[in-house]
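# Observations on the three-dimensional arrangement
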Amino acid sequence: MDDQSQDNMDKSETDEYFKSYGDISVHELMLRDKPRTAAYQKFMQQNSNLLKDKIVLDVGSGTGILSLFAASAGAKQVFAVEASSIADLSQSIIEENKMEDKVKVIKGKIEEVSLPVDKVDIIISEWMGFYLLHESMLDSVIFARDKYLAEDGLMIPSDAVLYMTPVNMSSYVAENILFWDNIYGYNFSSVKYAVLGNKMCEPTITCIEQSQCVAEPEIFCELDLKTVIMKDIQNINQTLSYTFTKPGLVHGFASWFDVEFKGPIAAPPDQGTKIVTLSTSPASHQTHWKQTVIFLPASMTVDEGDQITAIIDLSQDEGNKRHYNISVEIIGEEDKESSSEEDASNHPVPCNCGATRCMLVQALVEKYDEEQNELEKEAEKVDVNAEVEAARVIDREMTANADINLNETF
């Protein structure tokens, strides 16, 4: 693909991205997400001294709710930059709340617009996507920081951490995959294997319970918003080790993130900035981000105390930079060969237990059976044709012998 074609593809993906954020229902979903929105409000209200008389830039301001928080906390001027059509509605909201003197809405991409100031004191943004980095809005925040943030400026939020841990998804498998085994008395297994295939190709966004986590979460990446650069988030590769805290099945890895709101210096609450944490973990209140699950090609049966090591790779997609490719490789399986054989011996073939491994085995068995049936049908055809041909040969031979006998008689 040449550079021009790649640029056209990037522009098309970007246009679709901003078009989606012109839908008010998307913003309603985020505004109704109380843990998300309240975290920003709480930090700015409790630390209004940090915003008093400051120049603030809101990157991807949407409806303008974060800009309103900043203005209400004492900011001197807020520049709300929004590229989607929601910017027009945002302007009306700002005026309805009589904040137009403090909040200026600028419609356009942060990479393309020009601010009426050289530097700002604070950048606020709600840039987080599924598994933290989906949609790659952080790219725009980094751009804005490098171009506009003063040297001693503040990023809100200031830090982000992405966690990953093995997870048991038996209930999800039963409800969303085994469901296809019986649809009003009909077998829809073909759909089941198509769904299963899709789960192998893309992450699943769903809510999990803390009890489904079968090991303590490990940190996959940590980001300091003042220092992170593009290279840091284009490809992240980590080797993580886990010790299972309970026995059961492992269907994949679940991920979630926390973001922290801190001041320039993380001082104790009674002496300085009041720190606020927004968590999307299964142990916290549900958010619109939920959790992200990466399914493994085959489930594993584990015992308490077992250990595994996984190589997890998160890389920005070259064709669509707003998406990431995620891969998980379990290493050290040679040490588990005997236990894997024992696990397999406990599952007949085919097995309808719902484990991903057994589903894949069942699919292979069914495919093998279909191929065998086709081969048997072909063989039957060959046998029938051979029998017919043999009968014809015998018939010709008998006719010829009869002719010979007649000739000899006469």
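Residues numbered from 1 in each chain as written. Predicted model: local features only at pLDDT ≥ 70, side-chain atom pairs only at ≥ 80, totals over all residues. Heavy atoms only, no water.

### Quick word on the packing of aromatic side chains
Under the counting rule described, the total for this entry stands at 9 aromatic pairs. With a centroid separation of 5.8 Å and 40° between ring planes, the pair formed by Tyr172 and Phe295 is classed as tilted. With Tyr172 in helix H8 (residues 170–176) and Phe295 in strand S12 (residues 291–302), this pair connects stretches of sequence that are 123 residues apart. Since its relative accessible area comes to 5%, Phe295 is described here as buried. Ring centres 5.0 Å apart and planes at 75° place the aromatic pair Phe179 and Trp180 in the edge-to-face group. In this structure Phe179 comes out as partly exposed when scored by relative accessible area, which is 44%. For Trp180, a relative accessible area of 22% gives the class partly exposed. These aromatic residues form a ring-pair network of at least three members: Tyr40, Phe43 and Phe261. (Phe/Tyr/Trp six-rings, centres within 6.5 Å; stacked < 30°, edge-to-face > 60°. Helix = DSSP H or I, 4+ residues; strand = E, 2+ residues; numbered from the N terminus. Buried < 20%, exposed > 50% of the residue type's maximum accessible area, 1.4 Å probe, protein only.)

### Focus: the pattern of salt bridges
For the coordinates displayed, the defined rule picks out 8 salt bridges. For Asp88, the salt bridge is made with Lys107, and the minimal N-O distance between the two is 3.1 Å. Of this pair, Asp88 sits in helix H6 (residues 86–96) while Lys107 sits in strand S3 (residues 103–107), and the two are 19 residues apart along the sequence. Overall, the relative accessible area of 48% leaves Lys107 in the partly exposed class. (Salt bridge = Lys/Arg side-chain N within 4 Å of Asp/Glu carboxyl O.)

### Here we look at the sheet that holds strand S9 (residues 235–243)
Taken together, the 3 strands give an open sheet; going across it, the order is S9-S13-S14, and neighbouring strands pair in antiparallel fashion. Two strands close off the open sheet at either side, each with one partner strand: S9 and strand S14 (324–331). Between one strand and the next, the sheet's axes are offset by a mean angle of 20°, whatever the strand orientation. (Pairing = 2+ DSSP bridges. Axes fitted to C-alpha atoms, helices over the stretch in contact; angles between N-to-C directions.)

### Digging into the environment of Ala298
When you line up the elements, Ala298 lands in strand S12. Sequence separation of Ala298 and His251 is 47 residues, and the distance between their C-alpha atoms is 7.0 Å.

### A look at the sheet that holds strand S4 (residues 120–124)
Taken in spatial order, the 5 strands of this open sheet run S3-S2-S1-S4-S5, and their pairing is parallel. One side of each edge strand has no neighbouring strand; the edge strands of this open sheet are S3 and strand S5 (149–156). Here the average twist between neighbouring strands, direction ignored, is 25°. Pairing between strand S1 (residues 55–59) and strand S2 (residues 77–82): 5 bridges, direction parallel. Following the sheet pairing, Ile55 is matched in S2 by Gln77.

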